[in-house]
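# Observations on the three-dimensional arrangement
If you want the building blocks of each chain, they are given just below.
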Amino acid sequence: MKSKFTGVWNVFKFSYIQTVKSKAFIISTAIFMAIGLLALPISTAISRAGKDEAQTDKAEHIGTIYVCDEALDGKLGESLVDIIKGNQAYSEKNIILVKNDDYDKVFDTVKASKNGDVLVDIKFDNSPTSMDYGFSYVVFYGEEIEELEDAADEFSMYVDSIHKEALGKIFISSQAGAELVAYNYVSEVIMIDGVGNVVEDETGLDMAQYWITYVFLFVALMGITFLGTKVSDQIVTEKSSKVIEYIMTSIKPMALITGKVMACIANIFTLFGLSVISFIGSIFINGICFKNADGSMAMPGFIKTIANEQLLEGLSFINIVSSIFVFILGFVVYGLLAGVSGAMVSKIEEMAEGMKLFSFAMIIGAYVVIAYMSTASTGAEWGAFTNFVYLFPLCSPFIVPASLFLGKMSVTMGFLSVGILLVTMIVMLYFVSGIYEYLIYYSGAPLKFKELIKLFRKKGGAK
Amino acid sequence: MSLEVKNLVKKYGEKTVVNDLSFKMDKPGVYALLGTNGAGKTTTIRIILGMLSYDSGQVLWNGKDIDPMSINLGYLAEERGLYPKFTLMDQLLYFAKLKNVPKALAKERIKYWAERLEVTEYLYQPVETGKKKALNKKKNKPKTADQLSKGNQQKIQLMAALLSDPEFIVLDEPLSGLDPVNTDLFKGIIKELIEANKYIIMSSHQMATIEEFCKDITILNKGNVVLQGDLNDIKKSYGRVNMFVKCEGKDIKPYIESFNLRIINETPDGYQLKVTGEAQAGQFLAKLVEDKVTVIKFELREPSLHEIFVEKVGDVHEE
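Residues numbered from 1 in each chain as written. Chains lettered and ligands numbered in written order. Predicted model: local features only at pLDDT ≥ 70, side-chain atom pairs only at ≥ 80, totals over all residues. Heavy atoms only, no water.

Interface size is commonly expressed as the accessible area that is lost once the parts come together. Here the domain parsing of chain B yields domain 1 (3–235) and domain 2 (240–301). Look at where the C-alpha atoms of domain 1 of chain B and domain 2 of chain B centre, and you get two points 43 Å apart. (Domains from an automatic or database assignment.)

Shown next as structure tokens:
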């Protein structure tokens, strides 16, 4: 006797191939690949043109820039000051090179400053076993001026971008210089509160993390929207064209919906995979077309924000795999929901009505996460809300992949979140298998959600 | 092999749509399910195919509860059911794959049936090269189901039903909507399937077609069985009560009235009359001869299935 899932592979192959062959998919893929291929070079070109202007706006909030070089006896600091003075955004600023002995005094000055003064503290540790191995740049700023946070972030990114240039100016074509350039460097932006304590944002998202989380959210939202539309459209087409009657003599309804959901997920990964490959190609094109003065590849500001080594130092194979795993789980949950939504109607014209359930669930999930991200980026403490967002199965596919990727989730929370998502998937499968055989043959007015629940309780009607 | 339906009952709420239906097919051939619209034919077929559950009874294949997915089953649905936007070849290969038919064999069978059903042009593009190929590219694009007429869609669906060379075939209104040429084509195929010892269940409104193929029938009316059994036996039980008479030179209506015969049909070709049996028919003929009426045609036969059907379920319009 055939099982409920016999034939799922045939359904998967057919659905996947027909979608890939469709004009809509080919055009969408071409557009995404074109965007992927051209995004970086165009962004770099625009960034280069508009760079000084954007910096100028934020730089207005910065007062005096203090540079304390505890790394290379002031030489790196001097070199840095020279380069900063050459930047249009900061050329008018008072830029002071600070001796180590004056560090504490300058620290207090910055803490109490109402003019937006900042302190750049440069350190260097060449002990391979040290946690702080390599160069570190810390930009300190006071809490008196609200706008100074963004300005300090921007300034810190700028300093990151000129680190190698500054080293290159000190050690032109020397072995020592080449060795120093090869060292890691990390950067931080830290606010000093009124009593002189540094305020480190452990739970909130800094700009880079925000952007990465936003990208993951966007990918999840796009993927789930595509998945929902595709799965429900295929189900409704089969019902309205009556082809379902023939198919059901060969396979069971659960094999049909499972095969379709898997095929749509594979289509999404195909689309995104090709887009990522294009983006990688874009990096090479960018590298050929645009170079910095030191010969390194020019990058637009937002890429430097995202691709900084500090951000990615927590990245590992397990993070990436678990991220993808949560994506897939989330897609399966939403895919099953889309299948049920599609089967609640009998005609293509009624699909919008049927998709209300799916759309409602997706909007709740996505917008709660967007709300969370807006608050998290301000560094606000939202303990219970954070837990809710990570654990609620409608929300977790939109936020957990990014959090796992960035290492922003504790192991316990990660396991809990994945566990709840797995349980949700199993419950969905159980729910769907109880009613899907009725729904697939259902022909009549669009069903309401309450009727679905009644149907599940009854488990009656069609086989 | 055998199919047996035992005391089948199906209800939707308070309404019984199939009421205590039983029949058995233990020999190859065609078994007919007849009835008016809403009689329960399609419901019964769907129950047999495993698409619908039932409230009580049994459906047995070879003595065991039927599992349609374990039988090599072919199904031609009443309504047209093809993917509107996928190419016909892709669909047929998919349906064959669902029935575990290897691709190479499926292609062979598709080619055979495409030629048999005269739909080759919709499945295969002409082999052209160069300029001609480029010029005719749009015209030669693979056809999709929504580009076909209803009759051609039906042919494609019949192909899908027969691709796996099924042992058990269900044909739900196979001739509906077909023109006379295609009707003959389908009939020819059904005859071949009978000769190939297939088990076929057919539902139809076309009584003449049923009489051509079916040995056993069940007539349903509002879910209830009103007549069942071997068609020949049923007809014989009615006796030869249909008389066809054509005369010349004299109007025979007074004779008809005097014998109290019911006129079933009056055409330029003569009268179709209902008699009580061979005796009354003989007396009528004797009277005509006695009065020297020129009799051109005289025929006595059993009632047609259409007549039996109408008598059992009331006035219906045959398609």
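Counting 162 residues, the largest nonpolar core has A:Ile247, A:Leu439, B:Leu3, B:Leu123, B:Met159, B:Phe168 and B:Ile217 as its most contacted members. For this core, the element with the highest residue contribution is helix α12 (residues 317–343) of chain A, accounting for 12 residues. Excluding its chain neighbours within four sequence positions, the residues that come into contact with B:Met159 are B:Leu92, B:Ile110, B:Trp113, B:Ala114, B:Leu117, B:Val119 and B:Leu123. Formed by 32 residues, the second largest nonpolar core is a distinct cluster that contains A:Ile95, A:Val118, A:Val139 and A:Ala152. (Core = buried A, V, L, I, M, F, W, Y, C linked by side-chain atoms within 4.5 Å. Buried < 20%, exposed > 50% of the residue type's maximum accessible area, 1.4 Å probe, protein only. Helix = DSSP H or I, 4+ residues; strand = E, 2+ residues; numbered from the N terminus. Contact = heavy atoms within 4.5 Å.)

What follows concerns the interface of chain B and chain A. Contact residues are listed per partner, giving 30 residues for chain B and 25 residues for chain A. Summing the contributions of chain B and of chain A, the shared interface buries around 2800 Å²; its carbon and sulfur component is 60%. Three residues, B:Met51, B:Met69 and B:Leu98, lead the burial of chain B against chain A; their summed loss comes to 26% of the area buried on that side. One can count 2 salt bridges joining chain B with chain A. The residue B:Arg46 makes a salt bridge to A:Glu245 at a minimum N-O spacing of 2.2 Å. Applying the counting criterion to the chain B and chain A interface returns 9 residue pairs in polar contact (both at pLDDT 80 or more). (Buried area = accessible area lost by both parts, 1.4 Å probe. Salt bridge = Lys/Arg side-chain N within 4 Å of Asp/Glu carboxyl O. Polar contact = N/O pair within 3.5 Å; in protein donor to acceptor, adjacent residues only side chain to side chain.)

For the coordinates displayed, the defined rule picks out 18 salt bridges over all chains. A salt bridge links B:Glu192 to B:Arg116; the nearest nitrogen and oxygen atoms lie 2.1 Å apart. Placement of B:Glu192 in helix α7 (residues 180–195) and of B:Arg116 in helix α3 (residues 103–116) is noted, with a sequence separation of 76 residues between them. Of the charged contacts, one joins B:Asp291 and B:Lys287 as a salt bridge, the two residues approaching to 3.6 Å between their closest N and O atoms. Judged by relative accessible area, B:Asp291 falls into the partly exposed class, the value being 27%. For B:Lys287, a relative accessible area of 30% translates into the label partly exposed. When salt bridges with common partners are traced through the structure, they connect A:Glu353, A:Lys356 and A:Lys448 into a single cluster.

In this section: a nonpolar patch on the surface. Residue and element names in this part refer to chain A. A cluster of nonpolar side chains, Leu-37, Leu-38, Ile-42, Ile-46 and Ile-285, forms an exposed patch at the surface whose accessible area comes to about 430 Å². Here the element with the most residues in the nonpolar patch is helix α2 (residues 23–59); it accounts for 4 residues. Among the secondary structure elements, Leu-38 is positioned in helix α2. According to the relative accessible area criterion, Leu-38 is partly exposed, its value standing at 47%. (Patch = residues over 30% accessible without salt bridge, like charges linked within 9 Å, V, L, I, M, F, W, Y side chains within 5 Å. Areas by Shrake-Rupley, 256 points an atom, 1.4 Å probe, with all protein chains shown as cover.)

Residues and elements named next belong to chain B. In this structure, strand β1 (residues 3–12) lies alongside strand β4 (residues 56–61), joined through 5 bridges in antiparallel fashion. Along β4, the bridge assignment pairs Val-9 with Ser-56. In this structure, β4 lies alongside strand β5 (residues 64–65), joined through 2 bridges in antiparallel fashion. Each residue of the ladder has a partner; that of Leu-60, found in β5, is Asp-65. What sits between the antiparallel neighbours β4 and β5 is a turn of 2 residues, in which Asn-62 has the positive phi angle 55°. (Pairing = 2+ DSSP bridges.)

Turning our eyes to something else, we now look at the confidence of the model for chain A. Taken as a whole, chain A shows an average pLDDT of 81; of its residues, 81% reach a score of 70 or greater. Low pLDDT, under 50, characterises residues 201–205 of chain A; the predicted model gives this stretch 13 contacts beyond four residues in sequence or across chains. (pLDDT = per-residue confidence, 0-100.)

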